[in-house]
Amino acid sequence: MSPYLASFMTGSVEVVCGPMFSGKTEELIRRVRRAQIAKQKIQIFKPALDDRYHETKVVSHSSQSVAATPVNSAVDILKRIYDSTRIVAIDEVQFFDENIIKVVNKLSRRGVRVILAGLDQDYKGEPFGPMPHLMAIADDVTKVKAVCTSCGAPASKTHRKSTDNSDQVLVGEADLYEARCTAHWDYQPDDEDLLAFSTNIEAQEGSMTEVQI
Ligand SMILES: [Zn+2]
């Protein structure tokens, strides 16, 4: 095998993440299109639960789309991969179970370029599902920003308009969510959490020892 071919077959993991309305799916589609122009065999997946726009397509907010296979679990992706596939793109990857990490590792070790797009944080600002792990093992992470609906600044947070439902997964669109900057993202942790946090800092400061240089 020539050195060129060997390097060509090196697998990799790319993560595109950010809040809602930040263009994650658009960026995924842009990378997929470039691979299609280069005539590389590519397969695209998305979780079956995300049926906001179309069951068998990945559609961005700006209505760009590519054909995608909906799957019920991470392992279903492995079952559907063809030997000739060189690139695997997965949208809304935050909705998958923890097995997605093994699946992504397996694919990249097999020489596949894996492109993942997903929400890095939920509406409470907590890391979303398998995203922290995937971002850690990725060769490349791109954080994209939306625009704050309140002030127009770059937005890295997702604001849930209704507080009626506190489930982490509540699939919706502009009816339920807005992008916000940190200043205008009005999610407040409980006071009890804040108190516990400040007590912890005091305890840590009390036990600090000086370091001699
Ligand atoms: Zn703002």
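Residues numbered from 1 in each chain as written. Predicted model: local features only at pLDDT ≥ 70, side-chain atom pairs only at ≥ 80, totals over all residues.

A closer look at the overall build of the protein chain
Inclusion rule: The secondary structure listing takes helices from DSSP runs of H or I that are at least 4 residues long and strands from runs of E that are at least 2 residues long, numbered from the N terminus. Counting other C-beta atoms within 10 Å of its own, a residue is labelled buried from 20 upward, exposed at 12 or fewer, and partly exposed in the gap between, with every C-beta atom placed from the backbone. Each residue gets a C-beta atom placed from its backbone, and two residues are in contact if those atoms lie within 7 Å.
Looking only at helices and strands, the protein chain features 6 helices and 12 strands. The buried share of the protein chain, reckoned over its 213 residues, is 32%. Taking contacts inside the protein chain between residues at least 6 apart in sequence as the whole, the part at least 24 apart equals 73%.

Digging into the sheet that holds strand β6 (residues 87-90)
Rules: Two strands pair under a simple rule: DSSP has to find at least two bridges between them. Between the N-to-C directions of two axes lies an angle of 0 to 180 degrees, each axis being a line fitted to C-alpha atoms and, for a helix, fitted only over the stretch in contact.
Across the sheet, 6 strands lie side by side as β5-β2-β6-β7-β1-β8; this open sheet has parallel pairing. Strand pairing shows two members of the sheet lacking a second neighbour, β5 (69-71) and β8 (140-143), which therefore form its edges. Between one strand axis and the next, the sheet turns through 20° on average, direction left out of account. Where helix α2 (residues 24-37) meets the sheet, it contacts β1 (12-18), β2 (42-47), β6, β7 (113-119) and β8, and its direction lies at approximately 165° from that of β7.

Brief notes about the UniProt feature "binding site: ATP" (unreviewed entry) in the protein chain
This is how the line gets drawn: UniProt positions are given in the numbering used here, feature names are shortened, and annotations may be inferred rather than shown by experiment.
UniProt records the feature "binding site: ATP" (unreviewed entry) for G18, P19, M20, F21, S22, G23, K24, T25, D91, E92, V93 and Q94 in the present numbering. Contact partners of S22, with chain neighbours within four places excluded, come to V144, K145, A146 and A179. Contact partners of T25, with chain neighbours within four places excluded, come to V58, S60, D91 and A117.

Side note on the nonpolar core
This is how it is decided: In this description, a nonpolar core means buried residues of the types Ala, Val, Leu, Ile, Met, Phe, Trp, Tyr and Cys, linked to one another by C-beta atoms lying within 7 Å.
Core analysis: the largest hydrophobic core is formed by 42 residues, its most contacted members being L28, A89, V114 and L116. Element by element, the count of residues in this core is highest for β7, at 5 residues. Ignoring sequence-local partners within four residues, the contact set of L28 consists of V16, V58, A89, D91, I115 and A117.

Quick word on unusual backbone geometry
Residues other than glycine seldom take positive phi values, yet F21 does so here, at roughly 65°. Mapped onto the secondary structure, F21 falls in the loop between β1 and α2. You will see that E92, though not glycine, has its phi angle at about 50°, which is positive. Turning to its location among the elements, E92 is positioned in the loop between β6 and α4 (99-109).

Notes on α4
To keep it simple, the criterion reads: As used here, the arc belongs to the directions running from the helix axis to the C-beta atoms.
Burial in α4 covers these residues: I100, V103, V104, L107 and S108. For α4, the buried positions fall inside an angular range of 125° around the axis, keeping them on one side. Pointing more than 90 degrees away from the buried face of α4 are the exposed residues K102 and R109. Buried-residue contacts for α4 involve β1, α3 (74-80), β6, β7 and α5 (131-137). Positioned one or two residues after α4, G111 has a phi angle of 100°, which is positive.

Quick look at the pairing of β2
Counting buried residues in β2 gives 6 out of 6 residues, a clear majority hidden from the surface. Note that β2 and β6 share 4 bridges and pair parallel. Across the sheet, Q43 pairs through a bridge with V88, a residue of β6. Across 3 bridges, β2 lies against β5 in parallel orientation. Bridging from a neighbouring strand, F45 pairs with T69 of β5.

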